[in-house]
Amino acid sequence: MTALKQLSGAPATRILGVGSTQPDTVVTNDDLASRMDTNDQWIRERVGIVERRFAGPEVSLVDMAVEAGTRALADAGLTAAEVDTVIVPNCTMPAPIPNAAAQVADRIGIQAAGAFDLNAACAGFCYALGVASDLIKAGSAGTVLVIGSEKLTDVVDPYDRANAIIFADGAGAAVVGAAEQPEIGPVSWGSAGDLVDTIYMRDHRYIYQEGQAVFRWATTKIAPVALRAVEAAGLSAADVDALIPHQANLRIVEAIGKRLRTHGAREDMVVADDIVYSGNTSSASIPMALDHMRVKGQVTKGDVVLIVGFGAGLSYAGQVIIAP
Ligand code: UT7
């Protein structure tokens, strides 16, 4: 049999830079209460959100991805010419074709990039980061721009109080490149397709979710996924400096943090609470939180950061990264 040549990739990968963007329009809980039967106290207590950002009709998912990707490249100190692959995890493009990634690559100026979208809903960023890392290690890609970007306001009924108070818009990006030592751990991923009916697009138009069922699943099943990611990276929970779960609901985030602490995570482990001022931005929430936490000094270069995403599918994924 004819043997084919194998590409030889990099021994390891790391995140070279991150960036994010949010639309200008801030929407408070009182703003939402003025158009539906809800109130500031209920939203703060049940979900932990104080305000979120909504994009107007003039801002698209692609626009936000271009902005976040450009900022991540600047943070990495790279030019567009140094990137060869763009992955845009998302679940809110207006139609399955065209994808977002090819347009994003073109607008950033990345010539003839390998470009594709990846849909694992709110787990999308962690899935895409795992794929990017493995593409580089296999030699299929050199430097990959991964951008979680979502315009959830396009797919949420603005008068549905169960969802309109949670979801929001934004984008977060990471540049992934080759390294001598691993700074992106193996991805720990999986799915629970038997729970597909707990989150879906009703009549192909608006998000429907069985909130309590998803809540119970997330608070019981996701901490073990995060712990698997820590183990796969050859670390223990006590090594984790910062935990960034998908920002679905502050009570879910805190429950995951609490569970990790019963498995040895330190009391001083920083737990992301970006949802408070950003809302739930699906595949954008983890890179956006990472970017905001770096700016605030909650995460600094070299920190061990545990990320884990979960959502519709149901799909989940997590890995350990070293903060750039
Ligand atoms: O990101 C993708 C993955 N998604 C998630 O992880 C979401 C997981 N689920 C959740 O975060 C929560 O289940 C929700 C935030 C969606 C809902 O919170 P909850 O604490 O589970 O509320 P609930 O749906 O059980 O509703 C409790 C009560 C109900 O009233 P009754 O029947 O007890 O009289 C609701 O009608 O709260 C009512 N309610 C509201 N009240 C004021 C529901 N939404 C609202 C609202 N404002 N916005």
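Just above sits the structure.
Note that the structure is predicted; figures quoted are calculated from it, not measured.

Engineer: Hey, could you run me through the overall build of the protein in this one?
Structural biologist: Within the protein one finds 10 helices and 14 strands. Its C-alpha atoms give the protein a radius of gyration of 19 Å, near enough to 20 Å, the size a compact globule of 324 residues would have. Along the first, second and third principal axes, the C-alpha set of the protein runs to 65 × 45 × 45 Å. In the protein, which comprises 324 residues, the proportion classed as buried is 53%. In the protein, of all internal contacts separated by at least 6 residues, the share reaching a separation of at least 24 is 78%. Of the roughly 13,900 Å² of accessible surface on the protein, 51% is carried by carbon and sulfur atoms. Here the protein contributes 25 positive and 37 negative side-chain charges, whose respective centroids are spaced 4 Å apart.

Engineer: Before we go on, may I ask you to explain the nonpolar core in this structure?
Structural biologist: Soluble globular proteins tend to pack their nonpolar side chains together in the buried interior. Counting 47 residues, the largest nonpolar core has I207, W217, I222, I256, L260, L306 and F310 as its most contacted members. For this core, the elements supplying multiple residues, two or more each, are α7 (211–232), α8 (250–262), α9 (275–278), β13 (304–311) and β14 (315–322). The residues that make up this core include at least three from each of domain 1 (12–179) and domain 2 (188–322). Contacts of W217, omitting those with residues within four sequence positions, involve A192, L195, I222, F310, G311, L314, S315 and Y316.

Calculation criteria
- Residues numbered from 1 in each chain as written.
- Predicted model: local features only at pLDDT ≥ 70, side-chain atom pairs only at ≥ 80, totals over all residues.
- Heavy atoms only, no water.
- Helix = DSSP H or I, 4+ residues; strand = E, 2+ residues; numbered from the N terminus.
- Rg over C-alpha atoms; globule rule 2.2 N^0.38 Å.
- Buried < 20%, exposed > 50% of the residue type's maximum accessible area, 1.4 Å probe, protein only.
- Contact = heavy atoms within 4.5 Å.
- Areas by Shrake-Rupley, 256 points an atom, 1.4 Å probe, with all protein chains shown as cover.
- Lys, Arg positive; Asp, Glu negative; His and termini not counted.
- Charge placed at Lys NZ, Arg CZ, Asp CG, Glu CD.
- Core = buried A, V, L, I, M, F, W, Y, C linked by side-chain atoms within 4.5 Å.
- Domains from an automatic or database assignment.

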